[in-house]
Structures are given as C-alpha cells and as structure tokens.
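So you can see what is in the structure, the chains are spelled out below.
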Amino acid sequence: MSSMRTGADYRESLRDGRRVFILGEGLVEDVPTHPATRAMVEEYVAWYDRHFDPKWQEVLFAPPDKDDRRAPLGYMVPRSADDLARMGRCFSATTFLSAGNITHTPAYGHLIAMGVQTVVNQRNASPEQRANAEAYRALIASSGRFLTFAAGAATIGYRLREDPAERAALRIVKETDKGLVMRGKIGMHTSPAYAHDVYVGAHNGVDYKGHRASFVVAVSAPGVTVVCRKPSARDSNPFSAPLSARFDELDGQMWLDDVLIPWDRVFLSEPSPDPVARWLFWHQLYCWLSKAEFTLGVALACTHAMGLASHDATVDYLVDLITDVQTVRSCQTAAELDPEFTPEGYCAPNVCHVAAGSIAMLKARPRMGEVLRTLPGSSLVVAPTDRDLADPAMAKGLEESFAGGGYTARQRAALLQMAWDHAGSALDHREAVYELHSNGGIPSWRGRLRRGFNRYEELANGVLQQLGLPMPKVDLQSIRNAPLVARRPVNPTVPPPSPPAAAEPVRNPVTARKAS
C-alpha cells in the first residue's frame, strides 16, 4: 500500500494558525471542534481513514505494481482508459456516501494539480516552471495535502469599482526574491476552511510578463483570511437531519492582505480556467450523478416503505429517475472509454461526453427533486422525529399512524426524514445554487459542448455525399469557434495577455541571477 495521511493527522493539520471567519458565527478559534465545522472535519477524517479499511482496498487502490505496492486511485495520474475507469469507480463509490454533497476532497485537489501541470506545460513555460508544477502535483500525491479550487473571480465590490484598472480580484504589490506579494479578494469557492491550499485560477486578472498568472495560496499563510458563508440551516437532531447535520462544505471568499506567494507556487495559466478544470468537470459530474443515484435510492426505498411497488404512477416516476441516472452514467462511461490525451500522455475524460452528461443532469435535477417530494405523499410533511416517538404522550398514537407493512414507526419516520433532508432542506437548496454559479450553468456547458464537438464537417459532408450531386464542401468551424457565453467581466478595459510564444517565461529571480 502506498503511504497515506491518517485522519488524525489531517485533523491536527488544521490547527495551523489559519484565520477563518464564518458569517453569522464569527471568528473560528479551532476548525476541528467549532460547531459549524467539526462535522465536516470528521467526514474528511473518514475520507482519509477509509484508505486503511480492508473493505475499501479494492475500491480505493490500483492493482499491485511489480513491487506489490498499491497506489491510491485518488492520486493516480491516468495514462489509459482503464485508469480513468478505475478512478471513476472510486469517485462514484465515495461520493455516493455523502449523497454527492462532498464535492471537494483531497482526490479532487490532486485533479486540480494535474490540470495546473498540463496547462503550464502547454503554455511553453520555462523548465523551472514546468518542474515546479510537477513537484507540486507530486507533493499533493505523496502528502495527501488538500487543495481546493477558486476560479479567481473578483467580489462584487471589486467588480463595481469606479476605476476599471482596480476591478481585478488580485494585484501585485511587489516582487521579491522569494516570490510575489499579492493583495485582493477572491470570490466564491468551496471548502476553503478545510483545505490546506487554494488554487486561484485565471479569472484573478493578474498578468505577469505577458502571461496570465495563477497561484497556489496556503490557507495558513500570514495575511490570509477565509470568510465562509453562514452555515446551512439544519436541525440539531441528527435523526431529522441525517444529511445536512453532516455535510456542509462552507463556500467562501479568500482575502489576501500582502500575502507572499512563493515563486514555486506561481503558475502560468490561460485566460480561461477550463483547461485546468478538465478532470474537475468529470469529478463534478460524478458528484451530481451520486446525488441523482441517491435520489433514486431514496425513491425506491420510499416506494417499498409506502406500499407503492404496484402503483403504476409511482413506477412511472421511478422509470423517469432511472432514465436520468442511466443517461448520465452512460455519458461518464463514454467519457472514459473515448478519452483525450494531453501532450505529456495524461489521459483525460472526453469533454463532449462530460458536457452532454452535465447538460442532461442540470436539466433533470429539478424534476428529480420534485419526484422525490411527490412520491412519499403527505407523510413526508408530518413525519415524526425520534424524540416524538419517545414521548409517552405521543408514542402510541404515532406508532398507529406510521407503523405497518413490516416497518415500525421509527423505521418509516427515519426514511421520510432522510427524503425530506435530501430534497427539501437548506442543504439541497445550497447545492443547487452553488452549482448554478460554480461553472456557469447550462449556457457554459452548451458552449463547452459546441467547442469540443469535432464532427461538424464529417456529418454534414457525409449527408451531402449521399445526394449523388456535386456539392459545396461544408465548413462549419464558425460554429465551433464562436465566442463562448461571457461570464461577468472582471476588467473589460484590460486586453488579454499576449500569446504564449511572445511571452517572457517566469523565472525565480534568485535562480536567474545565479545563472547570469
């Protein structure tokens, strides 16, 4: 087995002097024990510790190598479709445990680092830049360090500044031998309170010597403040909040007050963060699929518990849910079996299949939630809690109301509370709102599909050939190359960075002086 950080080590690593402020709660003195964060910390502890559980070995680890060592799939660099399929099965199994509500894990962080490395390589950066990107990816894989992703967009206050030159999320305060000193505020991203590092992507608006610069910022670095949204509203009783009491990634902003970014954490990127996110979109779709499969699982369980297995309308609901689930799973399978390859030989899921699956899932989500809120009937609204069932004045009547058909009142109520928490709680609402903003929603996915599809001429010209007449040769690259739907502008007056061929490579000033 490859080395793996333990859950206890992860928990202790969060006591690193980080400054975390939760809206509505105030400054967090200790992330592992604060009421708003401790449940999620323990879920991440369980993520690490699962790698030491014999029951999970076949799911979480690659087959033994020639030295009989097994590498964690979450930190694998995929080289083949088989590697992608193994990683996909791992992500599917682990994200289902949280009903898709834990989207950012240390494995997700490794996918970020892998995307950063491939983009740095494609930008023809200096050998030192390429080595730094590979070293950082290897660090993530060997240490289990938790990296999360921020596209780098500016906050609303910055975007509305009077001076357009001041609207970017970050600016360089000064350049030193050790790195760049940065100041600014980064908009929404997920799990910053629980991560060790944040990758700040290309929307940050900082160009350096002709390149768009991106950065990895340590959460514990001096001058960093993480500001998280208020916790999702939830019942303090885990019986009535079996999901929302456990899963709250706490989206937030990051504020940088003259923070030193070491040179080996400054990476050349592209004006769009999509190339970095190529594996992240695939992982994200697994989280969405897990939520959909969990929805189907709850619906199937409720069908049995409510005595509806022979009810035609209920069965129609179930078939609709199965269709949605299987459509997206088929897209994921296609993305892995029909992959793309980066210049360094990394195997990446095919963006067309991931885009098609993402669009299908985003369209299906509202209907799936509505089905789950409809299927159990009105019992979903008035289901008792365990405290009600233990109340001597209520116990007998509630047992008469909710027991029967092989279920006790407690068993049926527990399932109904799960359904309610999954499809009708603040947890579900937060997740829907976050995913709307995190990658641009359906318009952005339609643009990615339009850009990624490469059979425009093949299909059109193939049809024309069947007419038996001389026909013009079709060229439809204008469809593929049309501009994508614009996200909110950060600084519309600043031109994009120069093409990579004309750019000056970023070098560590200390090394550069030694070389000269």
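Note that the structure is predicted; figures quoted are calculated from it, not measured.

Focus: the environment of alanine 107
Note that alanine 107 resides in helix α5 (residues 106-122). Judged by its relative accessible area of 3%, alanine 107 falls in the buried class. Sequence separation of alanine 107 and glycine 424 is 317 residues, and the distance between their C-alpha atoms is 29 Å.

Description of the environment of aspartate 274
Tracing the chain through its elements places aspartate 274 in the loop between β11 (266-268) and α8 (278-305). By relative accessible area, aspartate 274 is classed as partly exposed at 22%. Considering only alpha carbons, one finds aspartate 274 and alanine 151, 123 residues apart in sequence, at a separation of 9.2 Å. Every residue in contact with aspartate 274, bar those within four places of it in the chain, is listed here: Phe281 and Arg448.

Here we look at the pattern of salt bridges
Using the criterion set out here, one finds 27 salt bridges in the structure. Glutamate 42 is the partner of arginine 11 in a salt bridge, and the nearest nitrogen-oxygen pair spans 2.9 Å. In this pair, arginine 11 is assigned in helix α1 (residues 7-13) and glutamate 42 in helix α2 (residues 38-49), connecting sequence segments 31 residues apart. On the basis of relative accessibility, which here comes to 25%, the residue arginine 11 falls in the partly exposed class. On the accessibility criterion, glutamate 42 (34% relative accessible area) is partly exposed. Note that arginine 246 and glutamate 43 form a salt bridge whose closest N and O atoms lie 3.0 Å from each other. Here the residue arginine 246 occupies a position in the loop between β9 (224-228) and β10 (252-262), and glutamate 43 occupies one in helix α2, the gap between them amounting to 203 residues. The exposure class assigned to arginine 246 is partly exposed, which follows from its relative accessible area of 35%.

Looking at empty space enclosed by the protein
Summary: where empty space remains is shown by rolling a probe the size of a single water molecule over the atoms. Tallying each qualifying case throughout the model produces two cavities of 30 Å³ or more. Of the volumes computed, that of the largest cavity is approximately 50 Å³. Surrounding the largest cavity, 13 residues form its lining, Ala36, Ala39, Met40, Arg234 and Asp248 being those nearest its centre. Class assignment of the residues belonging to the lining of the largest cavity gives a composition of seven nonpolar, two polar and four charged.

Comments concerning the pairing of strand β3 (residues 147-150)
In β3, alternate side chains face the same way, and those of Leu147 and Phe149 on one face and Thr148 and Ala150 on the other are all buried. Two elements, β3 and strand β6 (residues 197-200), share four bridges in a ladder whose sense is parallel. By the bridge assignment, alanine 150 is partnered in β6 with valine 200.

As for the nonpolar core
Core analysis: the largest hydrophobic core is formed by 131 residues, its most contacted members being Tyr10, Tyr194, Phe215, Val217 and Met254. Counting residues per element, this core draws most heavily on α8, which supplies 15 residues. Here tyrosine 10 is in contact with Arg5, Val41, Tyr44, Val45, Tyr48, Phe146, Tyr194 and His196, once residues within four sequence places are set aside.

What counts as what
- Residues numbered from 1 in each chain as written.
- Predicted model: local features only at pLDDT ≥ 70, side-chain atom pairs only at ≥ 80, totals over all residues.
- Heavy atoms only, no water.
- Helix = DSSP H or I, 4+ residues; strand = E, 2+ residues; numbered from the N terminus.
- Buried < 20%, exposed > 50% of the residue type's maximum accessible area, 1.4 Å probe, protein only.
- Contact = heavy atoms within 4.5 Å.
- Salt bridge = Lys/Arg side-chain N within 4 Å of Asp/Glu carboxyl O.
- 1 Å grid on protein atoms, 1.4 Å probe; cavity = no way out; pocket = protein on both sides within 12 Å on 5 of 7 lines; lining within 4 Å.
- Points joined across faces, edges and corners; volume = space filled by probe spheres on them.
- Nonpolar A, V, L, I, M, F, W, Y, C, P; charged D, E, K, R; others polar.
- Pairing = 2+ DSSP bridges.
- Core = buried A, V, L, I, M, F, W, Y, C linked by side-chain atoms within 4.5 Å.

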